[in-house]
Amino acid sequence: MDTAYTSSELMIINAARLLRDGDVVFVGVGIPNLACNLARRTHAPNLYMIYEAGVIGARPNRLPLSIGDPTLVSGAAAVCSMYDIFTLYLQRGNVDVGFLGGAQIDRFGNINATVIGDYAHPKVRLPGSGGSMEIAAWANRCYIMTPHQKRRFPERVDFHTSAGFLSGKGERQASGVRGKGPQAVVTNLGILEPDENGELILTALHAGATVEMARENTGWALKVAPSLRITEPPTAEELRILREELDPQGIYR
Amino acid sequence: MSKLCTLSDAVSRLIHNGDTVYLAGFTHLIPFAVGHEIIRQGKKNLTLARATPDLIYDQMAAAGCARKIIFSYMGNPGVGSLKVLRRMLEAGQLEWEEYSHFGMITRLQAGAAGLPFLPMNLTAAPDLERVNPNYKRLTDPYTGREVMALPPLNPDVAVVHVQRADEHGNAQIWGILGEQKEAAFAAERVIVTAEEIVPEEVIRSDPNRTIIPEFIVDAVCHVPYCAHPSYTQGYYDRDNAFYLEWDRISESDEAVQDYLKEWVYGVRDRAEYWEKLGEETHRRLAVSPRYAAPVNYGEY
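So, a few notes on the structure that sits alongside this text. On a predicted model such as this, the values are computed, not experimentally measured, just so you know. (Residues numbered from 1 in each chain as written. Chains lettered and ligands numbered in written order. Predicted model: local features only at pLDDT ≥ 70, side-chain atom pairs only at ≥ 80, totals over all residues. Heavy atoms only, no water.)

Residue and element names in this part refer to chain B. Note the cis peptide between H228 and P229, where omega equals 10°. With respect to the element layout, P229 can be found in the loop between strand 13 (219-222) and helix 9 (240-249). Although it is not a glycine, L29 sits at a positive phi angle of roughly 60°. Tracing the backbone shows L29 in the loop between strand 1 (20-23) and helix 2 (32-40). Unlike most non-glycine residues, D54 shows phi in positive territory, near 65°. (Helix = DSSP H or I, 4+ residues; strand = E, 2+ residues; numbered from the N terminus.)

Encoded structure:
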């Protein structure tokens with residue numbers, strides 16, 4: 001098999017490795033979906049996948065295009081209403097991990113998935129929060145996956161769709177939300193993690209990427225952790241599962 | 001009393017210009033056939049409410065039915081944007097009111113329960129509060145901490161598609177439940193569309209599966225394949241290929257109008273639409289059965 005990999009495969013595999021066996025994960029659409037399914041087929045067989053559509057303990061046989069696909073229901077442990085999933089499961093604190101994405105992620109991990117430009121006269125109208133506003137607040141920890149581009153990493157987001165550390169860790173803690181906030185941002189160049197003040201700093205690079213590349217593609221003065229590490233490259237088995245079992249049509253290559 | 005009628009009759013009788021309508025469904029059971037009938041009947045100035053607008057609201061907006069949209073995720077799930085709605089919002093051609101999913105369904109739940117609001121915890125993301133004055137902070141009278149309130153949502157009409165219903169309107173769903181029950185109880189008028197109309201005894205053999213009782217239902221319509229390109233669990237698959245295809249069609253207003261001409265105005269009803277999709281699509285969307293274990297309610 002071809003062991004060259006695409007940047008989305010690199011992100012999916014690195015995000016999958018962040019998940020712990022036994023985690024209850026709120027699975028999102030697109031590449032987070034692949035990351036969770038990959039983790040369940042590798043190091044985290046007891047990963048408990050739940051979906052904001054109200055499916056608990058899904059074991060999908062095929063790649064669901066959306067989080068409401070019928071394959072998530074057949075063989076699931078339970079199905080509940082949207083109100084139940086957001087109250088009994090999320091707000092009550094029964095969700096360990098939320099996956100989030102957005103058009104912009106800022107220095108303190110705040111996410112914009114709502115508009116680029118002015119809200120009333122948007123330059124680009126994005127889909128909006130969906131579940132992300134509450135997932136960011138109430139899941140115990142969150143992960144973000146995004147290509148590393150300057151326009152995606154502005155110093156400040158145009159709109160706070162969901163909260164990272166606001167303007168510093170203390171501010172989030174004072175706001176009374178349960179979740180610890182974004183714990184890692186996985187990009188095609190490396191991994192950013194919050195420092196003690198909640199600022200995202202570069203903590204890992206993928207093989208072949210450099211600190212300069214990361215800095216050039218970040219909209220703020222990116223700090224580098226003293227313990228900067230290099231991530232393990234994708235294994236042949238991880239690539240095989242992704243390509244043959246999870247995404248045979250290559251939709252997310 | 002039987003409430004069975006044709007879909008065309010239900011839409012013309014129960015949905016009026018200017019109404020707030022809620023075509024329910026979180027990905028599952030989205031009543032596309034009803035949206036298409038609303039378009040064919042030329043309804044105007046509707047407020048289209050729903051957490052996840054989906055392609056059908058793109059199509060209704062493109063057909064000129066909508067004045068306003070109330071939503072929390074305006075996307076084609078797993079694919080991208082809803083491009084018609086996005087263009088209209090960017091061009092200022094459509095009013096909108098925006099929430100998060102939790103905000104939207106909490107509004108419905110309050111509406112369904114006859115409450116002025118239900119409290120929600122704060123989220124540390126104040127920008128929606130800033131742009132939507134319906135978000136109001138309140139003080140919890142017991143602990144003194146702040147909570148969020150939103151007004152109830154009570155649509156004029158809710159449409160709920162189900163696997164099976166009896167002629168009176170007792171309706172059963174299995175699979176993703178979304179906000180179907182809450183939308184029905186919150187609305188002033190309720191249209192149930194069903195894949196199958198079954199005898200009352202079938203419903204009464206499994207009462208736990210009934211999400212809507214007859215007395216809140218105004219019309220029951222037998223509409224097989226009502227949800228395509230969405231799906232009905234156990235009856236036909238989600239047409240993911242069409243969701244991807246719509247991403248391409250909806251890039252141009254002209255292509256969208258051509259689609260409406262052919263697939264909405266160009267067919268009389270859902271039966272003709274389904275026929276027109278052709279045998280290959282029917283085969284592609286067919287699903288093998290996977291039955292639940294029977295449950296024993298006991299004879300008492």
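What we call a disulfide is simply a covalent bond connecting the sulfur atoms of a pair of cysteines. Taken as a whole and assessed by the stated rule, the structure comprises 0 disulfides over all chains. Sulfur of C36 of chain A: no disulfide; nearest cysteine sulfur belongs to C142 of chain A and is 12 Å away. Unpaired in terms of disulfides, C65 of chain B finds its nearest cysteine sulfur in C226 of chain B, a separation of 16 Å. For C65 of chain B, a relative accessible area of 1% puts it in the buried group. (Disulfide = S-S within 2.5 Å. Buried < 20%, exposed > 50% of the residue type's maximum accessible area, 1.4 Å probe, protein only.)

The extent of an interface is frequently quoted as the accessible surface area lost upon association of the parts. Each partner contributes residues to the interface: chain B has 50 residues there, and chain A has 50 residues. Regarding the contact of chain B and chain A, the summed buried area is about 4,300 Å², with carbon and sulfur atoms giving 63% of it. The interface formed by chain B and chain A contains 2 salt bridges. Between R62 of chain A and D237 of chain B there is a salt bridge, with its nearest N and O atoms 2.7 Å apart. Where chain B touches chain A, the interface holds 19 residue pairs in polar contact (both at pLDDT 80 or more). Broken down by secondary-structure element, the contributors of at least two residues to the side of chain B that touches chain A are helix 4 (83-90), strand 6 (95-98), helix 5 (101-113), helix 6 (127-131) and helix 9 of chain B. If one sorts the elements of the side of chain B that touches chain A by residue count, helix 5 of chain B sits on top with 6 residues. Per-class residue counts for the side of chain B that touches chain A are 25 nonpolar, 16 polar and 9 charged. (Contact = heavy atoms within 4.5 Å. Buried area = accessible area lost by both parts, 1.4 Å probe. Salt bridge = Lys/Arg side-chain N within 4 Å of Asp/Glu carboxyl O. Polar contact = N/O pair within 3.5 Å; in protein donor to acceptor, adjacent residues only side chain to side chain. Nonpolar A, V, L, I, M, F, W, Y, C, P; charged D, E, K, R; others polar.)

So far we have only geometry, and geometry alone does not tell us how the molecule works.
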